[in-house]
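# Notes for the structure review
The residues making up each chain are set out below.
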Amino acid sequence: MDRSRFAPTTSGPAHPGTLVAALLCWLDARSRGASIGLRLEDIDPTRCTSLRAHELRDALAWFGLDWDDESRQSDHLPAHERALDRLAAQHELYPCDCSRSEVKRVGLRAADGGYRYPGSCRAQPLPAAGWRSCDSALRFRLEPGWIAPPDESGLDLAQDPAAAMGDPVLRRRDGAVAYQLAVVVDDAEQAVTRIVRGRDLAPSTAIQVMLQRSLGLATPAYRHHLLLLEEQGGKFAKLHGAVGWRELREHYSPERLCGFLARVVGLTESTDETSPRELVADFDWARISRDDALIRWRDGELSCLGYRPAETEPGVS
Ligand code: GLU
């Protein structure tokens, strides 16, 4: 049986984009009889609080989504540390003291829209006392080479991560384990076989597959889906700031919101009230829009302004 998961970072309130991602992941699992867990990704101490984690959980339950199990990423630290032990033993970890602004100053762009680390500290060895004794950030030494994980939606995930993204930080200077490592380790520990997530994460997939290979872990199936976008200063960005769940629920019932979102992603032909459970029987990825949806929140009302083709291509740097 397939095993899936929805893994939101608990750094802010649920917004319509969070709910669409959760809905698509949940419908994919429920419609194929797979099990699905909720994993609250709460390991960034600078952004995640337990209040936010609770609120996110409540928002998903309010929307009508249930889970076969729930976990918190912060409970998995021993497994993350074991993975760092293994990578250190394989000489794939190195300390790096470059600041974010130094990396930015070099000016190399990464495929995910950020700045690519130029590899300045690549030759630095770990201290003889091991990675735990190190105050610097720890990076993963990526071997150059193309990697082409399949994507069920047909998205081209082929990338040479060393060239397109640069060596990722796996443990930050403040001691926090970074997303790229935690996600790979947790998916394996939780025996996840299917990953359904937003297209903003597509450029990270090749790095994650490289990490799986270094750690001797299986690669799950991937499917990346459309994003909800909002206009910000004349540009379109992933919908975030426009409206959070607290405000949203003052204006929308879960059924009305589900009706709107189901229509936006292409699942239904009208915005009639519905619920995740009612959508399971007819769920079909072929009906889901490939293009991102432009959403506006104004005067307590969500509207869809249109669609636009995705911009990011995992291999583009
Ligand atoms: N925690 C990540 C996020 O909320 C998603 C993890 C994943 O699905 O790979 O963006």
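The paragraphs below set out a description of the structure included in this document. What you see is a predicted model, and the numbers here were worked out from it, not measured in a lab. (Residues numbered from 1 in each chain as written. Predicted model: local features only at pLDDT ≥ 70, side-chain atom pairs only at ≥ 80, totals over all residues. Heavy atoms only, no water.)

## With respect to the site of the ligand
Note the threshold: Throughout, the term near means that a residue has one or more heavy atoms lying within 4 Å of the molecule or strand in question. For this analysis, a polar contact is any N or O atom pair within 3.5 Å, provided that within protein one partner can donate a hydrogen and the other can accept it, and provided that sequence-adjacent residues contribute only side-chain to side-chain pairs. Method for areas: the Shrake-Rupley scheme with a 1.4 Å probe, in which residue coverage is limited to the protein chains shown. Polar here means any residue other than Ala, Val, Leu, Ile, Met, Phe, Trp, Tyr, Cys and Pro, which are nonpolar, and Asp, Glu, Lys and Arg, which are charged; Gly is therefore polar.
Taken together, Arg5, Ala7, Pro8, Thr9, Glu41, Tyr179, Val183, Arg197 and Leu201 make up the full set of residues near the ligand. Glu41 is positioned with one of its side-chain polar atoms (N or O) 2.7 Å from a nitrogen atom of the ligand. With respect to the ligand, the side chain of Tyr179 contributes an N or O atom lying 2.9 Å from an oxygen atom. Starting from 300 Å² of accessible surface for the ligand in isolation, the protein chains cover 83%. In the shell around the ligand, the residues fall into 5 nonpolar, 1 polar and 3 charged.

## Points about the packing of aromatic side chains
Here is the rule we go by: What counts as a ring pair is set by centres within 6.5 Å for rings of Phe, Tyr and Trp (its six-membered ring), and what kind of pair is set by the plane angle: stacked under 30 degrees, edge-to-face over 60, tilted for all other angles. Numbering goes from the N terminus for both helices and strands, where a helix is a DSSP run of H or I of at least four residues and a strand is a run of E of at least two. Exposure classes here rest on a 1.4 Å probe applied to the protein chains alone. A residue is buried below 20% of its type maximum, exposed above 50%, and partly exposed in between. Two conditions define a charge located above a ring, namely a distance within 6 Å from the ring centre to NZ of Lys or CZ of Arg, and an angle within 35 degrees of the ring normal.
The final tally for this structure, using the stated rule, is 4 aromatic pairs. Summarising the aromatic geometry, the rings of Phe6 and Trp67 are spaced 6.2 Å apart at their centres and angled 10° between planes, so their arrangement reads as stacked. Here the residue Phe6 occupies a position in strand β1 (residues 3–6), and Trp67 occupies one in the loop between α2 (50–63) and β3 (69–72), the gap between them amounting to 61 residues. Phe6 gets classed as buried once you look at its relative accessible area, which sits at 7%. Assessed through its relative accessible area of 15%, Trp67 is described here as buried. Here the aromatic rings of Phe283 and Trp285 are separated by 5.2 Å at their centres, their planes lie at 75°, and the arrangement is edge-to-face. Overall, the relative accessible area of 14% leaves Trp285 in the buried class. Over the ring of Tyr115 we find Arg109, and its NZ or CZ is 4.1 Å from the ring centre. One Lys or Arg, Arg249, reaches over the ring of Trp245 and ends 4.2 Å from the middle of that ring.

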